[in-house]
Amino acid sequence: MTTETLDIKITKTNHSRLAETDFDNLVFGHTFADHMFVADYADGEWKNFQIVPYGEIGLSPAISALHYGQAFFEGLKAYKHEDGTVSVFRPDKNAARFNKSAQRLCMPDLPEDIFVQSIAALVDVDRDWVPTAENHSLYIRPFMFATDPYLGVVPSKTYKFMVLTGPVGPYFSKPLRVKIETEYTRAAEGGFGYAKAAGNYAGAMLPTRRAVEQGFDQMIWTDAKEHLYAEEMGAANVMFVLDGTLVTPSTRDTILDGVTRNTVLAIARDWGMPIEERRVSIAEIIEGAKSGKLTDAFGAGTAATIAPVGSIFYEGEEYHLSDPASREFSTKLFKKLNDIRYGRVADEHGWNYTV
Ligand code: PLP
Ligand code: COI
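Comments concerning the environment of Tyr184
Link 1 in the chain: Counting through the fold element by element, Tyr184 comes out in the loop between β9 (176–180) and α4 (198–213).
Link 2 in the chain: For Tyr184, a relative accessible area of 19% translates into the label buried.
Link 3 in the chain: Placed 22 residues apart in sequence, Tyr184 and Leu206 show a C-alpha to C-alpha distance of 9.1 Å.
Link 4 in the chain: Not counting chain neighbours up to four residues away, the residues in contact with Tyr184 comprise Leu206, Pro207, Arg210, Trp221 and His227.
Link 5 in the chain: Here Arg210 takes part through its side chain, which lies 2.6 Å from a polar atom of the side chain of Tyr184.

Right, here's the structure in full:
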C-alpha cells in the first residue's frame, strides 16, 4: 500500500504529560497523548504534514465545519504486544472508509497511504503512550474538517486532516440494558448514515439522552420507514446469535460498515459458523429472546469492542438474555480478538500493522 515515505515535520514537546497520567483510571476521550498530526488541503493537494505537541489550534469562526457540518472522523486502535511491538489494527479499512465519508460530504480524498503513514508516524512518536494492560489500547482519532472562512453553503476549498490519540480502557463496564428505538431515527435511505459524519453523532445525542434518562445504556436503532428492523446499536454495529447462526443487519446506506463487524464475520467464517447478513426484524429478535433461541447479542465497534447486551426493552416489556459469562460465541470471540490484537496468536489475516 505504501508508495513513498511521507515528509513529516516533527516538533516534539519539551514537557511530556506521560508521567503524570493515571493509566489505571482512564475515561474514554479525556486523556490525550503528547502529540497530534496535522495536514492542510489547499490548491487541490494535501501538504504541510506535521506532528506537533497536542494543543489548541486557531481557526476562523466562519469555517463551514462549524456552520454546516462538513466534518467527519474515524476511530481505530493501537495495541502493545508482550514483546513491546506496537501494532495498529486494520488501518487500511479505516483509510478506505475515510474516503467514503469524504466523498459523501463533498470533501477531498486522502490517499490511503498518507492516512496509514500519518497514523504510524504519530503512534511511533507516542509509542510509550500505548497501554500494556489487557483491554487497554491507544485510541486513534483521525478526522477532517472544512476550513474556508466563508458562510456560503458550498463545499469548502480548504480542509484540515488531523489525528489525535489517547490511551483508553474498556468503554462499557457491564452488560447493556438496551431499548429498541421506535421514535427517533439515526439515518434514512439516501442519507449519510454510512459515513462517519459528525452530524450523525449530533443527531443521536438527544435520543441517547432520552434513553439514558429512561434507565437504558444504549438503544438499537431501527429503520426510518417502519421501525421494524434493527440497524445499529448506539455507535456500534449489532450482532445476534439466533438458533446457532450469526445474524447481523446487512450494510446499506443507513448503516456504518464497521471494521469490527467485518472482523467478527471473518473469524466466524474461519470457525465454520453459519452467517446471515440480511435485514433483521425486531419481531424475530423478540421471538428469539422469548424462546431462548437468541443465545447471544452484542454491539461490535472499535470503542465498544464486543459489548454484550444484557436485556432488550420493547413495547413495554424487558427481555433478559443469558448471563454474558455463559455465552459461548461472544466469549470465545472476544478472547480471539484480543489474542490477535495483542499478538498472542498468529495474525492469519494480516490485520496487525506493525509500527
Ligand atoms: N456504527 C457506528 C454508528 C459507529 O460509530 C461505529 C464506531 O466506529 C461502528 C458502527 C463500529 O465501527 P468500527 O467497528 O469500524 O469501529
Ligand atoms: C469508535 O468506535 O471508534 C467510534 O467512533 C465510537 C465513538 C463515537 C465513541
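Observations concerning the site of ligand 2
Link 1 in the chain: Close contacts around ligand 2 come from Phe28, Phe73, Gly75, Tyr139, Arg141, Tyr171, Lys196, Tyr201, Ala235, Thr302 and Ala303, and that covers them all.
Link 2 in the chain: One nitrogen or oxygen atom from the side chain of Lys196 is found 2.7 Å from an oxygen atom belonging to ligand 2.
Link 3 in the chain: Within the contact set of ligand 2, an oxygen atom lies 2.8 Å away from a backbone nitrogen or oxygen of Ala303.
Link 4 in the chain: Summarising the interface, the protein chains cover 88% of the accessible area of ligand 2, which totals 280 Å² for the free molecule.
Link 5 in the chain: When atom positions are compared with the pocket grids, ligand 2 is found to occupy the largest pocket.
Link 6 in the chain: Of the residues assigned to the shell around ligand 2, the class counts are seven nonpolar, two polar and two charged.

Here we look at the layout of surface pockets
Link 1 in the chain: Computed from the structure, the largest pocket encloses a volume of approximately 960 Å³.
Link 2 in the chain: Surrounding the largest pocket, 45 residues form its lining, Phe73, Arg141, Tyr171, Tyr201 and Ala235 being those nearest its centre.
Link 3 in the chain: Elements with a contribution of two residues or more to the lining of the largest pocket: β4 (71–73), β7 (137–146), β8 (159–168), α4, β10 (218–222), β12 (236–242), α5 (259–270) and β16 (294–301).
Link 4 in the chain: It is α4 that provides the largest number of residues to the lining of the largest pocket, a total of six residues.
Link 5 in the chain: Grouping the amino acids of the lining of the largest pocket by side-chain chemistry returns 26 nonpolar, 14 polar and five charged.
Link 6 in the chain: Roughly 410 Å³ of internal volume is contained in the second largest pocket.
Link 7 in the chain: Taken together, 25 residues line the second largest pocket, and the ones lying closest to its centre are Phe172, Thr305, Ile306, Pro308 and Phe334.
Link 8 in the chain: Listed by contribution, the elements that provide at least two residues to the lining of the second largest pocket are β5 (76–80), β17 (305–314) and α7 (328–341).
Link 9 in the chain: When residues of the lining of the second largest pocket are assigned to their parent elements, the largest contribution, five residues, is made by α7.

Quick look at unusual backbone geometry
Link 1 in the chain: If you check the backbone angles, Asn135 has positive phi at about 65 degrees while not being a glycine.
Link 2 in the chain: Mapped onto the elements, Asn135 comes out in the loop between α3 (112–125) and β7.
Link 3 in the chain: Asn135 gets classed as partly exposed once you look at its relative accessible area, which sits at 29%.
Link 4 in the chain: At His227, a residue that is not glycine, the phi angle is positive and equals roughly 55 degrees.
Link 5 in the chain: By the secondary structure assignment, His227 is in the loop between β10 and β11 (229–233).
Link 6 in the chain: Overall, the relative accessible area of 14% leaves His227 in the buried class.

Cut-offs and rules
- Residues numbered from 1 in each chain as written.
- Chains lettered and ligands numbered in written order.
- Predicted model: local features only at pLDDT ≥ 70, side-chain atom pairs only at ≥ 80, totals over all residues.
- Heavy atoms only, no water.
- Helix = DSSP H or I, 4+ residues; strand = E, 2+ residues; numbered from the N terminus.
- Buried < 20%, exposed > 50% of the residue type's maximum accessible area, 1.4 Å probe, protein only.
- Contact = heavy atoms within 4.5 Å.
- Polar contact = N/O pair within 3.5 Å; in protein donor to acceptor, adjacent residues only side chain to side chain.
- Near = heavy atom within 4 Å.
- Areas by Shrake-Rupley, 256 points an atom, 1.4 Å probe, with all protein chains shown as cover.
- 1 Å grid on protein atoms, 1.4 Å probe; cavity = no way out; pocket = protein on both sides within 12 Å on 5 of 7 lines; lining within 4 Å.
- Sits in = over half its atoms within 2 Å of the grid points.
- Nonpolar A, V, L, I, M, F, W, Y, C, P; charged D, E, K, R; others polar.
- Points joined across faces, edges and corners; volume = space filled by probe spheres on them.

Read these as spatial facts, not as claims about activity.
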